[in-house]
Amino acid sequence: MTRRLAALSLVLLAGGCATLPARAPVDDWPARRAALQALNAWAFDGRIAVAAGEDGFSGGFDWEQAGERADVVLSGPMGGSAMTIQVVGDDAAVSVRGEELSGEDGEALFARYFGADRSLPIAEMRYWLVGVPAPDSPHEATLGADQRLASLSQAGWQVRYDRYEPVGPLALPARMELTTASLRLRVSVSNWRVPP
């Protein structure tokens, strides 16, 4: 009886293994990179934690990208807009608690707000946030086993991707860390919005 049960178990196990679906093919990184670099309309709601030396803060972090225009809102821990950034091409306008500056003054204000010795590379960040390097700029990238970007070094910054989540047919970063010599940003995304 024991031999028959063992034989039946082996047959069932073998049959079960035969019906398991084949492993999905690994995504093609060059195709993924090209598709995400071409993605020019998206938005997310999330959180950011900033550390600059002994100083730091955390709060809401919302980003909306529409072509060359980016609208970014940083809010305090208790809500309310603390900083808004509007970028159109190479021009940036920054507002912090009613103080509005644009161009180089805006970049200086941005850096001062973050306690950094340089402003954030907003032009590159629009790509980093969706999990690809900025095009036409030198970089070093490391891919994970899933052919998604695991880490990136570009424009004097290092970006580490901790987690991705499915967003329609895409896989977009849900948690990442961006660091430079004087600044560390931890970004977590709670809701991606990508038009179909």
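All values derive from a computational prediction rather than experimental measurement. Within every chain, residues take consecutive numbers counted from 1 along the sequence as written. The predicted nature of this model means local features are confined to residues of pLDDT at least 70 and side-chain atom pairs, given and counted, to a pLDDT of 80 or more, with totals for whole chains, interfaces and linings taken over all residues. As a rule here, side-chain values cover all heavy atoms of the structure and leave hydrogens and water aside.

**Student:** Please clarify how the confidence of the model for the protein should be interpreted in this entry.
**Tutor:** Close inspection of predicted coordinates is inappropriate for parts of the model with low pLDDT. The predicted model of the protein has a mean per-residue pLDDT of 80, with 73% of residues at 70 or higher. Note on residues 1–26: pLDDT is under 50 here. Beyond four places in sequence and across chains, it has 2 contacts. How sure the predictor is of each residue is captured by pLDDT, a score from 0 to 100. Contacts between residues were defined by any pair of non-hydrogen atoms, one from each residue, lying within 4.5 Å.

**Student:** Which parts of the structure should I look at to understand helix H2 (residues 29–37)?
**Tutor:** In an α-helix, one turn spans 3.6 residues, which is why side chains three or four residues apart end up on the same side. Residue exposure (1.4 Å probe, protein chains only): buried if accessible area is under 20% of the type maximum, exposed if over 50%, otherwise partly exposed. In this description a helix means any DSSP run of H or I spanning at least four residues, a strand means any run of E spanning at least two, and both kinds are numbered starting from the N terminus. For H2, every residue scored as buried is listed here: Trp29, Arg32 and Leu36. Viewed end-on, H2 has its buried residues packed into an arc of 65 degrees, placing them on one side of the element. The directions considered for the arc are those from the helix axis to the C-beta atoms.

**Student:** When you look at the pairing of strand S8 (residues 149–154) in this model, what are you seeing that I'm missing?
**Tutor:** Along any regular strand the residues' side chains alternate between the sheet's two faces. We treat two strands as partners when DSSP finds at least two bridges between them. Across 5 bridges, the pairing between strand S7 (residues 139–143) and S8 is antiparallel. Bridging from a neighbouring strand, Ala141 pairs with Leu152 of S8. With antiparallel pairing between neighbouring strands as the criterion, S7 and S8 make up a hairpin whose turn holds 5 residues, including Gln147 at a positive phi of roughly 65 degrees. Pairing of S8 with strand S9 (residues 157–167), which is carried by 4 bridges, proceeds in the antiparallel orientation. Residue Leu152 lies in a different strand from S9, and its bridge partner there is Val159. In this antiparallel pair of consecutive strands, S8 and S9, the connection spans 2 residues, and Ala155 shows a positive phi of 55 degrees.

**Student:** Where do I start with the environment of Arg32 in this structure?
**Tutor:** Among the structural elements, Arg32 can be located in helix H2. Throughout this description, a polar contact denotes any pair of N or O atoms lying within 3.5 Å of each other; where both atoms belong to protein, one of them has to be capable of donating a hydrogen while the other can accept it, and for residues adjacent in sequence the pair is counted only when both atoms sit in side chains. Looking at Arg32, its side chain comes within polar contact range of the main-chain oxygen of Gln147, at 3.3 Å.

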